[in-house]
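Summary of the model geometry
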Amino acid sequence: MLYSLRMYVDTHCHLDFAAFDSSRSELMSACLENNIRHFLVPSTTYESWQKVTQLALIYPMWRVAFGLHPYFLHSESIMNVEKLGDTCEQGGAVAIGEIGLDFWPDAMDVEVQKHFFGAQLSIARELNLPIILHARKSYDVALKMISDANHTSGGIVHAFNGSLEQAKRFVERGFLLGIGGTITYPRAKKAHRVVQQLEDQAYVLETDSPDMPLHGFQGQMNTPLNIPKVAFCLADLRGQSVNDIAKQAKTNLLRLFPEWYGDER
Ligand SMILES: [Zn+2]
């Protein structure tokens, strides 16, 4: 009985990736059997938008987002961004993403990234959609751009690993912090301290499948089946029950996406 109270959502998983092509249906069945019932699938490139749209028709438990990921921008992205608004409307997007800024040394030129992030923030504003934010070494710049763009519909900071102060600033702006497999690593002391101090309203759970394997599973493909392990780890760190964590994550998600579950409340 208690178990059925615990329903999980993976708020960031790339289930459209080719890595899942041979196992997608079985994986979705296994997730449902384990009470992992909803999935937010963000897209990364223009090339992936159509596949994400088509798969979402097959898997009604998916919610989708469209966007141009900063790390995968290329010469034609300039044309593709013009099609983003229509794609979101036609494909029933719940958010724009994943978009943002990636200041990793081998990523695209910073000014080019800022241009695309700004353009996609404008579209989010026009459509009044939240964003799925990918930000690496760029939280302060991303926050400033979000604020300058007067983006008020919030979003999710994917794989949040910033400071408590940055966490607070995102939450004040209507963002949720995506907590994933990073916290399962014993050496992730800074992340542990931050998630221990987050307010209840701040977080949702994610795996970033097929990437970001959990501690003990390095080298293996990550899947949404691992979302309960993230929840157990977070429960342990916060000294709460896993039921409380799952329930709170669901409540938080509903604040951002009131229509998410339809009739299933
Ligand atoms: Zn991602």
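Residues numbered from 1 in each chain as written. Predicted model: local features only at pLDDT ≥ 70, side-chain atom pairs only at ≥ 80, totals over all residues. Heavy atoms only, no water.

Our working rule: UniProt positions are given in the numbering used here, feature names are shortened, and annotations may be inferred rather than shown by experiment.
Looking at an unreviewed UniProt entry, the protein carries the name Putative deoxyribonuclease YjjV, with the source organism given as Marinomonas spartinae. Looking at the Sequence similarities (unreviewed entry) heading of the UniProt record, one finds this comment for the protein: "Belongs to the metallo-dependent hydrolases superfamily. TatD-type hydrolase family."

Details of the sheet that holds strand 2 (residues 36-42)
Stated precisely, the cut-off is as follows: Note on pairing: DSSP must find at least two bridges between two strands before they are called paired. We count a stretch as a helix when DSSP gives it H or I for four or more residues in a row; a strand needs E for two or more, and each element gets its number in order from the N terminus. All axes here are fitted lines through C-alpha atoms, helices being fitted over the stretch that makes contact, and every angle between N-to-C directions spans 0 to 180 degrees. Residue contacts are counted whenever heavy atoms from the two residues lie within 4.5 Å of one another.
Spatially, the eight strands line up as an open sheet ordered 1-2-3-4-5-6-7-8, and their pairing is parallel. Strands at the two margins of the open sheet, each flanked by one partner only, are strand 1 (8-10) and strand 8 (203-205). With strand direction ignored, the average angle separating the axes of adjacent strands in the sheet is 30°. Taken together, the four bridges between strand 2 and strand 3 (residues 62-66) define a ladder with parallel strand orientation. Each bridged residue has a counterpart across the sheet, and for Leu40 the counterpart in strand 3 is Arg63. Its contacts with the sheet place helix 2 (residues 24-33) against strand 2 and strand 3, and it is angled at close to 135° to strand 2.

Quick notes on the environment of Ala159
Note that Ala159 resides in the loop between strand 6 (155-157) and helix 8 (164-172). Taking C-alpha positions, Ala159 is 23 Å from Glu111, a pair spaced 48 residues apart along the chain. When near neighbours in sequence (up to four residues on either side) are disregarded, Ala159 contacts Tyr139, Gly178, Glu206 and Met212.

Here's the deal with the UniProt feature "binding site: a divalent metal cation 1" (unreviewed entry) in the protein
Selection criterion: By the criterion applied in these results, polar contacts are pairs of N or O atoms within 3.5 Å in which, for protein atoms, one can donate a hydrogen and the other can accept it, and in which residues neighboring in sequence qualify only through two side-chain atoms.
Under the UniProt annotation, the feature "binding site: a divalent metal cation 1" (unreviewed entry) is placed at His12, His14, Glu98 and Asp208. Spanning 197 residues, the named residues nonetheless gather at one spot, since no C-alpha pair among them exceeds 11.4 Å. Take His12: it is sitting in the loop between strand 1 and helix 2. Those residues in contact with His14 that lie beyond four places of it in its chain are Phe20, Pro42, Thr44, Glu98, Asp208, Ser209 and Pro210. Within the structure, the side chain of His14 is placed 2.9 Å from the side chain of Glu98, a separation counted as a polar contact.

Remarks on the nonpolar core
Quick reminder of the rule: Joining through side-chain atoms within 4.5 Å is the link that ties buried Ala, Val, Leu, Ile, Met, Phe, Trp, Tyr and Cys residues into a set, and such a set is a nonpolar core. The rule is simple: take the accessible area with a 1.4 Å probe, protein chains only, and divide by the maximum for that residue type; under 20% is buried, over 50% is exposed, in between is partly exposed.
With 71 residues, the main nonpolar core has Phe39, Phe117, Ile131 and Phe170 as its most contacted residues. Among the elements that line this core, the one with the most residues is helix 10 (residues 227-238), at seven residues. Beyond its immediate chain neighbours, meaning those up to four positions away, Phe39 contacts Val9, Asp10, Cys13, Leu15, Met28, Cys31, Met61, Trp62, Arg63, Pro224 and Trp260. Counting residues in each nonpolar core, the second largest holds 16 residues, with Met7, Val94, Leu253 and Tyr261 among its members.

A closer look at the pairing of strand 7 (residues 175-179)
Threshold: Orient the strands so they point away from the viewer, and a crossover whose first-strand-to-second-strand path over the helix runs clockwise is right-handed.
With five of five residues buried, strand 7 is to be regarded as a mostly interior element. Here strand 7 shows two buried faces, one formed by Phe175, Leu177 and Ile179 and the other by Leu176 and Gly178. Sheet analysis places strand 6 next to strand 7, joined by three bridges and oriented parallel. Bridging across to strand 7, Val157 finds its partner in Leu177. Handedness of the β-α-β unit built from strand 6, helix 8 and strand 7 comes out right-handed. Bridging between strand 7 and strand 8 involves three bridges; their strand directions are parallel.

Considering the pattern of salt bridges
The criterion, for reference: Any Lys or Arg side-chain nitrogen located within 4 Å of an Asp or Glu carboxyl oxygen qualifies as a salt bridge.
Overall, the coordinates contain eight salt bridges when judged by the stated rule. Two residues, Lys114 and Glu111, come together in a salt bridge whose shortest N-O distance is 3.7 Å. Of this pair, Lys114 and Glu111 both sit in helix 6 (residues 110-127), separated by three residues, roughly a single helical turn. Across the salt bridge formed by Glu165 and Arg169, the nearest N and O atoms sit 3.7 Å from each other. With Glu165 and Arg169 both in helix 8 and four residues apart, the pair spans about one turn of that helix.

Remarks on the packing of aromatic side chains
To keep things clear, this is the line we draw: Whether two aromatic rings pair depends on their centres lying within 6.5 Å, for rings of Phe, Tyr and Trp, where Trp uses its six-membered ring; planes under 30 degrees apart make the pair stacked, over 60 edge-to-face, and the rest tilted.
Here the structure, examined in full by the defined rule, presents nine aromatic pairs. On the basis of an interplanar angle of 70° and a centroid distance of 6.4 Å, the ring pair of Trp49 and Phe66 is categorised as edge-to-face. With Trp49 in helix 3 (residues 46-58) and Phe66 in strand 3, the pair connects residues that are 17 residues apart, well separated along the chain. Of the two residues, Trp49 and Phe66, both sit in the buried class. Their ring planes at 35° and their centres at 5.2 Å tell us that Tyr139 and Phe160 sit as a pair that is tilted.

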